[in-house]
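Here are the chains, one letter per residue:
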Amino acid sequence: METLLKVKDYKVYYQTLKGHVKAIDGVDFFVRSREVLGIAGESGCGKSTLSNSLINIKAPMIYEGGEVYFDGVDITKLDVNKMRTLRYTKMSIIPQYAMDAMSPTKKIKRIIFDLVREHDRKIAEEEIISIARGRFKEVGLVEYVLNKYPVELSGGMKQRVVMVISTLMNPKLLIADEITSALDVSSQKFTIEMLEEFMDKGYVDSVIFITHDLSVLYQIADRIMIMYAGNVAEIGTTEEIIKSPLHPYTKMLVESLPKMDVQYKKKKLKGIPGHPPNLLNYPSEGCRFYERCPVKINPQKCKLQKPPLFEVKPGRYVACWAYAEGEKGE
Amino acid sequence: MNEVLLKVENLSKIYRSGIAAGGVTTAVDNANFEIKPAEIVALVGESGSGKTTLGKLILRLIKPSLGKIIYNGIDISKLKGRRLVEYYRHVQGVFQDPFSSFNPIFKVDRVFDLIFDSYLKEMKQKKRELIANALEKVMLNPDDVFGKYPHQMSGGQLQRILIARTLLLDTKLLIADEIISMLDASVRVDVLNTLGKLKDENKISVIFVTHDLSLGYYISDTTMIMYKGNIVEMGDTEKVYSNPLHPYTRMLLSVVPTVDRKWEKKKEEELFSLFESGKRRIWNGCPYYDRCPLAMEVCQKKPSLLEIESGHKVACYAAIQSKGSKAEKTFSSENEK
Ligand SMILES: Nc1ncnc2c1ncn2[C@@H]1O[C@H](COP(=O)(O)OP(=O)(O)OP(=O)(O)O)[C@@H](O)[C@H]1O
Ligand SMILES: Nc1ncnc2c1ncn2[C@@H]1O[C@H](COP(=O)(O)OP(=O)(O)OP(=O)(O)O)[C@@H](O)[C@H]1O
Ligand code: SF4
Ligand SMILES: [Mg+2]
Ligand SMILES: [Mg+2]
């Protein structure tokens with residue numbers, strides 16, 4: 001299968017007065033054509049930093065290293081103009097909280113027009129609105145929504161509008177950052193069905209779907225990447241990650257999720273004690289899960305050397321010393 | 001055991017400022033239920049269904065438009081003076097965003113100060129000991145809390161500190177409004193387990209407000225499903241989940257994402273009918289009428305909440321007709337196997 005996006009040893013930090021916040025500190029992964037890659041991990045692990053930086057690195061974010069191949073081209077080396085044409089039309093993002101970030105003083109029509117124009121100066125207004133009108137219809141939004149202001153729409157409707165807008169130019173890659181988090185369960189399901197339909201119809205080719213909610217990813221992702229404190233912990237197929245996780249963090253995370261037959265009265269779920277490290281000036285060496293890890297397979301090594309992503313079988317990656325050759329594995 | 005801690009009778013809250021329906025929103029519409037000591041009630045419903053309003057009414061933060069709330073046999077609107085202070089000490093609320101309750105420039109233990117200043121003046125010399133005690137009840141190590149700043153703690157820890165604060169006041173009923181929706185999965189269960197433990201060991205009752213059915217299932221004894229201000233289904237959690245009767249409850253259960261089951265692929269038209277349709281809402285009809293795939297002529301008159309099996313009530317004509325026999329089993333229960 002074709003690879004659409006390939007990210008290698010990618011580092012993005014935040015510049016602050018006190019030093020660098022090492023939000024993305026050497027991540028490796030790829031996204032295939034026509035797949036949904038889910039990215040999960042707890043708050044602050046760098047999901048939004050990763051997705052925003054792929055689209056646009058702006059202060060206080062700084063690019064610290066690595067490569068990002070999109071369709072074979074390393075976009076970290078592209079100039080501002082080339083990047084502007086790529087952004088939105090080829091790789092599009094629905095930023096976290098996009099729903100609430102829509103300009104309150106512009107009608108939906110205007111919001112769409114301004115956005116498209118920013119990236120494609122040749123396209124005519126009628127053409128943009130006519131595509132939008134068609135797409136709105138497909139997702140069950142009546143046409144007059146175009147003449148509404150964002151505040152006049154319900155959460156579920158706003159999210160549909162945002163999804164239509166961000167895929168209007170049929171981008172190859174759509175990055176969806178927490179698009180279901182603020183929605184009711186029925187709207188969550190609708191949003192996800194809509195995304196699948198957009199893929200079927202070819203409006204988007206591949207999707208990076210970001211959420212902290214693994215049970216949502218279980219419904220939509222083909223593969224899942226688990227992040228922890230700015231690093232990749234584990235990558236595998238959705239079934240593998242949920243049913244047979246390898247990394248100690250993923251194992252505990254999956255264990256902590258509510259299940260349909262588990263009740264407090266009969267069986268208690270367990271959380272993960274402790275909390276993620278503060279990434280300000282955090283040393284890049286060592287495993288970032290070390291403090292909370294119940295395994296610490298080789299304490300010296302775990303503490304001082306960053307575990308690389310071991311490919312334990314084709315397509316199955318885990319960054320934990322327990323999976324190094326010679327260490328006793330699972 | 002027929003003890004009742006709190007009883008809600010024909011309780012309604014009508015807002016006249018809303019933009020919808022001629023400036024009137026019935027945020028809570030004729031609610032009737034009881035809460036026993038040491039009972040965890042999950043209050044489930046989508047955004048705007050009236051969960052927070054119901055909680056605020058019970059906390060006496062707002063006044064009912066109709067109906068009453070009876071605590072330990074006394075109408076709370078009649079409480080005055082010492083009795084009222086006692087009510088405020090017994091019935092406590094914890095809310096969604098733990099971070100907003102903490103000032104980032106002060107140490108976290110400062111949140112306990114107000115309680116000691118206004119309610120526990122006479123206890124001030126034992127302050128540290130009392131706080132430590134309460135922290136242990138919510139499964140926190142006092143040494144991990146004293147002297148720390150908010151940014152050094154996880155959301156789950158902060159939320160448990162706020163629960164600990166309510167414990168200093170001899171809480172009997174805790175209104176926990178979406179207290180874990182902003183937290184990560186890895187710390188959510190700690191907060192839930194804290195609630196379970198307080199129920200078991202301190203006989204505290206909890207109204208656990210959530211829109212997440214799987215979390216409600218894990219922790220609650222009783223489930224109340226709210227839709228547009230109405231309690232549409234209510235009963236033992238086990239019964240509501242294994243035999244959901246209201247079409248709304250069934251829809252919710254079929255769409256709740258869990259890691260045990262993949263969603264069924266639904267046809268597009270079916271999905272739309274799940275939450276929007278051309279039908280108009282009927283004034284004084286079933287609140288679910290416009291979304292309901294089973295709606296009939298009679299549904300234009302509002303159904304009342306009727307007991308269908310012991311400990312399980314529903315407000316739906318279709319459910320009453322079929323006595324729930326056709327309800328799909330969604331959540332399994334070990335008891336039934
Ligand atoms: N502008 C900024 N300046 C400094 N640090 C930042 C900035 N924005 C984010 N960070 C830090 O970078 C890290 C990663 O944040 P990011 O928002 O990418 O996490 P996330 O995984 O998207 O979290 P969430 O699930 O809460 O959305 C965090 O430690 C965060 O505090
Ligand atoms: N002060 C108010 N004035 C007017 N209308 C209000 C007021 N407070 C709430 N409402 C309305 O009452 C209804 C119920 O609101 P409530 O906040 O209780 O819902 P909720 O179930 O807690 O929702 P959420 O899950 O979004 O927190 C909504 O339609 C809301 O707009
Ligand atoms: S590398 Fe060591 S500390 Fe990190 S997860 Fe594996 S065993 Fe735990
Ligand atoms: Mg984020
Ligand atoms: Mg609420």
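Residues numbered from 1 in each chain as written. Chains lettered and ligands numbered in written order. Predicted model: local features only at pLDDT ≥ 70, side-chain atom pairs only at ≥ 80, totals over all residues. Heavy atoms only, no water.

**Q** Break down the overall build of chain B for me, citing the residues and quoting the values.
**A** On a plain count of helices and strands, chain B comes out with 12 helices and 12 strands. Of all 337 residues assigned to chain B, the portion counted as buried reaches 54%. Counting only contacts in chain B whose residues sit at least 6 apart along the sequence, the fraction spanning at least 24 positions is 64%. As displayed, chain B has an accessible area near 15,500 Å², and 50% of this comes from carbon and sulfur atoms. (Helix = DSSP H or I, 4+ residues; strand = E, 2+ residues; numbered from the N terminus. Buried < 20%, exposed > 50% of the residue type's maximum accessible area, 1.4 Å probe, protein only. Contact = heavy atoms within 4.5 Å. Areas by Shrake-Rupley, 256 points an atom, 1.4 Å probe, with all protein chains shown as cover.)

**Q** Can you explain the overall build of chain A? Please cite residues and give values.
**A** Scanning chain A from N- to C-terminus turns up 11 helices and 12 strands. For 330 residues, the compact-globule estimate of 2.2 N^0.38 gives 20 Å, and chain A sits close to it at 21 Å. C-alpha extents for chain A along the principal axes are approximately 65 × 55 × 40 Å. Expressed as a percentage of its 330 residues, the buried residues of chain A come to 57%. (Rg over C-alpha atoms; globule rule 2.2 N^0.38 Å.)

**Q** Residue-level account of the interface of chain A and chain B, with values.
**A** Facing the 48 residues of chain A at the interface are 49 residues of chain B. Carbon and sulfur atoms make up 57% of the area that chain A and chain B hide from each other, which totals about 4,500 Å². Of all residues in chain A, Lys189, Met260 and Tyr264 of chain A give up the largest surface area on contact with chain B, accounting jointly for 20% of the area buried on that side. Across the contact surface, chain A and chain B share 3 salt bridges. One salt bridge in this structure joins Lys262 of chain B and Glu239 of chain A, with 3.6 Å as the shortest N-O distance. In this assembly, chain A and chain B are joined by 18 residue pairs in polar contact (both at pLDDT 80 or more). Of the residues contributing to the side of chain A that touches chain B, the split by class is 17 nonpolar, 13 polar and 18 charged. (Buried area = accessible area lost by both parts, 1.4 Å probe. Salt bridge = Lys/Arg side-chain N within 4 Å of Asp/Glu carboxyl O. Polar contact = N/O pair within 3.5 Å; in protein donor to acceptor, adjacent residues only side chain to side chain. Nonpolar A, V, L, I, M, F, W, Y, C, P; charged D, E, K, R; others polar.)

**Q** So what about the environment of Pro307 of chain A? Which residues, and what values?
**A** Residues and elements named next belong to chain A. Note on placement: Pro307 falls in the loop between helix 11 (299–304) and strand 11 (310–313). Spatially, the C-alpha atoms of Pro307 and Thr49 are 22 Å apart, while their sequence positions differ by 258 residues. The contacts of Pro307, once residues within four sequence positions are left out, are Gly286, Cys287, Ala319, Cys320 and Trp321.

**Q** Now, about the packing of aromatic side chains: what can you tell me, with residues and values included?
**A** The relation between two aromatic rings is expressed through the spacing of the ring centres and the mutual angle of the planes. If you walk through the whole model with that rule in mind, you get 13 aromatic pairs over all chains. Arranged with centres 5.1 Å apart and planes meeting at 80 degrees, the rings of Tyr71 of chain B and Tyr87 of chain B form a pair that is edge-to-face. In this pair, Tyr71 of chain B is assigned in strand 4 (residues 66–71) and Tyr87 of chain B in helix 2 (residues 81–90), connecting sequence segments 16 residues apart. For the pair Tyr71 of chain B and Tyr87 of chain B, a shared accessibility class is recorded, and that class is buried. Ring plane angle 90 degrees and centroid distance 5.0 Å describe the contact between Tyr227 of chain B and Tyr288 of chain B, whose orientation is recorded as edge-to-face. Here the residue Tyr227 of chain B occupies a position in strand 9 (residues 222–227), and Tyr288 of chain B occupies one in the loop between helix 11 (268–275) and strand 11 (306–309), the gap between them amounting to 61 residues. Summarising the burial analysis for this pair, Tyr227 of chain B and Tyr288 of chain B share the class buried. Three or more aromatic residues joined by ring pairs form one cluster here, namely Tyr228, Tyr249 and Phe289 of chain A. A cation over a ring is seen here: Lys268 of chain A above Tyr264 of chain A, with NZ or CZ 4.1 Å from the ring centre. (Phe/Tyr/Trp six-rings, centres within 6.5 Å; stacked < 30°, edge-to-face > 60°. Lys NZ or Arg CZ within 6 Å of the ring centre and 35° of its normal.)

**Q** Describe the site of ligand 2, with residues and values.
**A** Residues and elements named next belong to chain B. Surrounding ligand 2, one finds 12 residues, the nearest of these being Ser47, Gly48, Lys51, Thr52 and Thr53. Here an oxygen atom of ligand 2 and a backbone polar atom of Ser49 are 3.2 Å apart. At 2.9 Å, a backbone N or O of Gly50 approaches an oxygen atom of ligand 2. When ligand 2 is considered free in solution it has 640 Å² of accessible area, and contact with the protein chains removes 63% of it. Take the shell around ligand 2: its biggest share by element is 3 residues, from helix 1 (residues 51–58). The residue makeup of the shell around ligand 2, split by class, is 2 nonpolar, 8 polar and 2 charged. (Near = heavy atom within 4 Å.)

**Q** Any details on the coordination of the magnesium ion (ligand 4)? Residues and values, ideally.
**A** Residues and elements named next belong to chain A. All of the protein donors around the magnesium ion (ligand 4) are Ser48 (OG) and Gln96 (OE1); their distances to the metal are 1.9 to 2.1 Å. A residue pair is termed long-range when its members are at least 10 positions apart, and Ser48 in helix 1 (residues 47–55) and Gln96 in the loop between strand 6 (91–94) and helix 3 (98–101) qualify at 48 residues. We classify Ser48 as buried; its relative accessible area is 19%. (Donors = N, O, S within 2.8 Å, 3.2 Å for Na, K, Ca; no water.)

**Q** Go over the packing of helix 7 (residues 185–200) of chain A against helix 10 (residues 247–255) of chain B with me, naming the residues and quoting the values.
**A** In contact at an axis separation of 9 Å, helix 7 of chain A and helix 10 of chain B are set at 50 degrees when each is read in the N-to-C sense. It follows from the interaxial angle that helix 7 of chain A and helix 10 of chain B lie oblique. Relative to helix 10 of chain B, helix 7 of chain A is oriented so that their crossing is left-handed. Across the interface between the two elements, Val185, Ser186 and Lys189 of chain A from helix 7 of chain A touch Met251, Leu252 and Val255 of chain B from helix 10 of chain B. (Axes fitted to C-alpha atoms, helices over the stretch in contact; angles between N-to-C directions. Parallel < 35°, antiparallel > 145°, perpendicular 65-115°, else oblique. Left-handed = near helix turned anticlockwise from the far one by under 90°.)

**Q** I'd like to hear about helix 1 of chain A, residue by residue, with values.
**A** Count 3.6 residues to each turn of an α-helix, and residues three or four apart come out pointing the same way. With 8 of 9 residues buried, helix 1 of chain A lies mostly within the body of the structure. Residues of helix 1 of chain A that are buried: Lys47, Ser48, Thr49, Leu50, Ser51, Ser53, Leu54 and Ile55 of chain A.

**Q** Lay out the environment of Ala134 of chain B with the relevant residues and their values.
**A** Residues and elements named next belong to chain B. Tracing the sequence through the fold places Ala134 in helix 4 (residues 127–137). Of the residues examined, Ala134 reaches a relative accessible area of 4% and is grouped as buried. Sequence separation between Ala134 and Lys262 is 128 residues; the distance between their C-alpha atoms is 41 Å.

**Q** Tell me about unusual backbone geometry, and name the residues and values.
**A** Excluding glycine, residues mostly have negative phi values, and the peptide bonds linking residues are mostly trans. For the peptide bond that leads from Ala59 of chain A to Pro60 of chain A, omega is 5 degrees, which places it in the cis range. Mapped onto the elements of the fold, Pro60 of chain A is located in the loop between helix 1 and strand 4 (61–70). If you check the backbone angles, Asn30 of chain B has positive phi at about 55 degrees while not being a glycine. Within the secondary structure, Asn30 of chain B sits in strand 2 (residues 25–35). With relative accessibility at 43%, the residue Asn30 of chain B sits in the partly exposed group.

**Q** How would you explain the site of ligand 3 if you had to name every residue and give the values?
**A** Taken together, His247, Pro248, Cys287, Tyr290, Cys293, Val295, Lys296, Ile297, Cys302, Cys320 and Trp321 of chain A make up the full set of residues near ligand 3. Taken together, the residues that form the shell around ligand 3 break down as 9 nonpolar, 1 polar and 1 charged.

**Q** Explain the domain arrangement of chain A residue by residue, including any values.
**A** All names here are of chain A. Splitting chain A by domain gives domain 1 (3–90 + 175–269) and domain 2 (94–170). Counting residues at the interface gives 24 residues for domain 1, matched by 24 residues for domain 2. Interface area for domain 1 against domain 2, summed over the two sides, is near 2,100 Å², with a carbon-plus-sulfur share of 63%. If you look at where domain 1 meets domain 2, you find 1 salt bridge. One can count 9 residue pairs in polar contact (both at pLDDT 80 or more) joining domain 1 with domain 2. Among the elements of the structure, helix 2 (80–86), strand 7 (173–177) and helix 7 are those that each provide at least two residues to the side of domain 1 that touches domain 2. The element best represented in the side of domain 1 that touches domain 2 is helix 7, accounting for 7 residues. Here the residues of the side of domain 1 that touches domain 2 sort into 12 nonpolar, 6 polar and 6 charged. (Domains from an automatic or database assignment.)

**Q** Explain the pattern of salt bridges to me, and be specific about the residues and the numbers.
**A** Taken as a whole and judged by the stated rule, the model has 29 salt bridges over all chains. Taking the shortest distance from any N to any O, the salt bridge between Glu234 of chain A and Arg316 of chain A comes out at 2.9 Å. Here Glu234 of chain A is found in strand 10 (residues 231–237), whereas its partner Arg316 of chain A is found in strand 12 (residues 316–318), with 82 residues between them in sequence. A salt bridge links Lys239 of chain B to Asp236 of chain B; its shortest N-O distance comes to 3.4 Å. Residue Lys239 of chain B is classed as partly exposed on the basis of its relative accessible area of 24%. Overall, Asp236 of chain B belongs to the partly exposed group, its relative accessible area being 33%. Overlapping salt bridges bring together Glu234, Glu240, Lys313 and Arg316 of chain A as one network.

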